[in-house]
Structure formats: C-alpha cells, structure tokens
Amino acid sequence: MASVAPAPRTTADTVTFDLARQSLRELNRFLHHDLRAGVKKVRVLNPDGAHNIAVGVDAPVEIEVDGHAGYYAAGMNKQARVLIRGNAGPGLAEGMESGVVHVKGFASVSAGAAGHGGLLVIEGDASLRCGISMKGLDIVVGGSVGDFSAFMAQAGRLIVCGDAGDALGDSLYEAVIYVRGKVSSFGADAHEEPMRESDYVALADLLGRAGLKHDPRQFRRVASKRELYHWNADANQEY
C-alpha cells in the first residue's frame, strides 16, 4: 500500500510546508491553486537548496523560506512578499513583475534578471550579472555586486551599497545605478553623472524600504551616455 504524504501544518492564517517531509511540487501546487482568502503566510521549512521554490506566485501572500534556496527562487513573482532566510542560487527573482523578494544572505549569478517590477533586496553580496536586462525592477544590494551587473538594463534602478566589479552597466539603456563603494570599471556606454535632488529622494525611499540606513549622499549615479542607441558605421567597433 502506497504511503500518503503528510499534510502541511495549518493554523488560522499560516500554512507550513516542511520540505523534509513534503515535496516541492506540493508546495508550488498549493501556492498556485489552493491559496484561500484566509491564508496570509506560507512558511517553508528545510528548503535545503531546493530549486524553483515559490516560482510563479500570483497572490498577495507572505512566503517565508527558512534556509537556503537553489536556482530560480521566487521567479516571475507577482504580488507576493517572499523572505529567504539564507542564500539564493542563480536566477533569483528572474522575471518578477511586482511584490517584494528579500534575501537575508547572498545571491548567485543573474539575480533579478529581466525583472519588470517590484523590489528585490539582497542583504549580502550578489554575484555576476545582477540585474541583467532588467526592465523596471528595483534592486537593492547591501553588499557588493560582481562583473557585468546591470548589463543591458533597460529600466529600473540598481542600488549597490558596496563595490561593483568590472563592466558595470555595460550597454546600459534607461536604468540607473547608484553605487556607494568602488567601481572596478564601467562597461560600454556607462559613465558617472552628477547626482540630482530627485536621486537623493529616490535613494532614501529605496534604502528605507530595504531596511538600510546609509546616507544617500554617499552614493554616485551611473547612467548611459546614450552613444549606443544608434549604430555608427564610423566607430569601427570602438565605443
């Protein structure tokens, strides 16, 4: 006789999944199809680096992951507030559209890739290509970011409270980067611009929402020179 998987623990407004006892498929099926109006929070215990935790959620629910998450955690998020009490693997919050994803630890490559909206907070460092091709997402990194961060970023804001690696903002479009620490090098078409009063206001708001207390006046603004917007046959591939 086949064994029956244990049901998630439920209180008045919280449902708890223990991935040591239940499958990730059960968790995501619940988040996609079985959320009822009274459920305000879903807790995930023993994630143990599982991939695809809380992917594609489209509901105003709080999701707390107590541990490390693997690839693509909280990808395509809409409305939900996802808190990961640990580190996150590649593709964190990829393609998210709204809501908040907050990681207490570090994030691997391509965090926030192609994100359209919402807020992504990474308290530790983020690896290579943080914010690659983002399209309106706001990202706040409490630590440093790796090479090619904000590569081809089209819209949105990337706030780096630490240092940035090589080729920051390579092929940048209309996204704006704010950096508090050192920049190893700027990518093609990216450069530093004077800060405006509106930048300080925006920074204060985003840092406050991320729970960080840095002075906005410690940051520098990086944006596009707009020299790559049109092909220049005489540039001989040198920009």
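We now turn to the structure provided with this report. All residue numbers refer to positions counted from 1 along the written sequence of the respective chain. This being a predicted model, a pLDDT of at least 70 is required before a residue's local features are given, and a value of 80 or more before pairs of side-chain atoms are given or counted; all residues contribute to the totals for chains, interfaces and linings. Water and hydrogen atoms play no part in the side-chain values, which are based on all heavy atoms of the structure.

## Regarding the nonpolar core
We define the nonpolar core as a collection of buried residues of types Ala, Val, Leu, Ile, Met, Phe, Trp, Tyr and Cys that are connected through side-chain atoms lying within 4.5 Å of one another. A 1.4 Å probe rolled over the protein chains alone gives each residue an accessible area, and that area as a share of the maximum for its type sets the label: buried under 20%, exposed over 50%, partly exposed in between. Residues Ile63, Leu92, Leu120 and Leu158 are the most contacted members of the largest nonpolar core, which totals 52 residues. When near neighbours in sequence (up to four residues on either side) are disregarded, isoleucine 63 contacts Leu31, Val42, Val44, Ala54, Val57, Ala80, Arg81, Val82 and Leu83. Val100, Val121, Ile159 and Phe219 belong to the second-largest nonpolar core, a separate cluster that totals 15 residues. Any two residues having at least one pair of non-hydrogen atoms within 4.5 Å are treated as being in contact.

## Structural notes on the sheet that holds strand E3 (residues 41–45)
Ordered in space as E1-E2-E3-E4-E5-E6-E7-E8-E9-E10-E12-E11, the 12 strands form an open sheet in which the pairing is mixed. Across the chains shown, the open sheet's two edge strands, defined by having one partner strand only, are strand E1 (9–10) and strand E11 (190–193). DSSP bridges decide pairing: two strands pair if at least two such bridges lie between them. Numbering of helices and strands runs from the N terminus; a helix is a DSSP stretch of H or I covering at least four residues, while a strand is a stretch of E covering at least two. As judged from the 4 bridges shared by strand E9 (residues 155–160) and strand E10 (residues 176–179), these two strands associate in the parallel manner. Each residue of the ladder has a partner; that of arginine 157, found in E10, is valine 176. As a rule, the C-alpha atoms of each element are fitted with a line to give its axis, helices using only the stretch in contact, and angles between N-to-C directions run from 0 to 180 degrees. Here helix H2 (residues 197–210) sits on the sheet and contacts strand E6 (100–103), strand E7 (119–122), strand E8 (135–141), E9, E10 and strand E12 (220–224); the angle it forms with E9, its principal contact strand, is near 70°.

## Quick word on the packing of aromatic side chains
Stacked, tilted and edge-to-face are the three classes applied to pairs of Phe, Tyr and Trp rings, where Trp contributes its six-membered ring and a pair requires centres within 6.5 Å; stacked means planes under 30 degrees apart, edge-to-face means over 60, and tilted covers the rest. Inspection of the entire model under this criterion finds 3 aromatic pairs. Aromatic pair phenylalanine 17 and phenylalanine 30: ring centres 5.4 Å apart, planes at 55°, arrangement tilted. Linking phenylalanine 17 in strand E2 (residues 14–18) with phenylalanine 30 in helix H1 (residues 24–34), this pair joins segments that are 13 residues apart in sequence. Summarising the burial analysis for this pair, phenylalanine 17 and phenylalanine 30 share the class buried. Aromatic pair phenylalanine 148 and phenylalanine 151: ring centres 6.1 Å apart, planes at 90°, arrangement edge-to-face. The class for phenylalanine 151 is partly exposed, based on a relative accessible area of 25%. The ring centre of tyrosine 200 lies 4.0 Å from the NZ or CZ of arginine 217, which sits over that ring. A ring is considered to have a charge above it if a Lys NZ or an Arg CZ atom is located within 6 Å of its centre and within 35 degrees of its normal.

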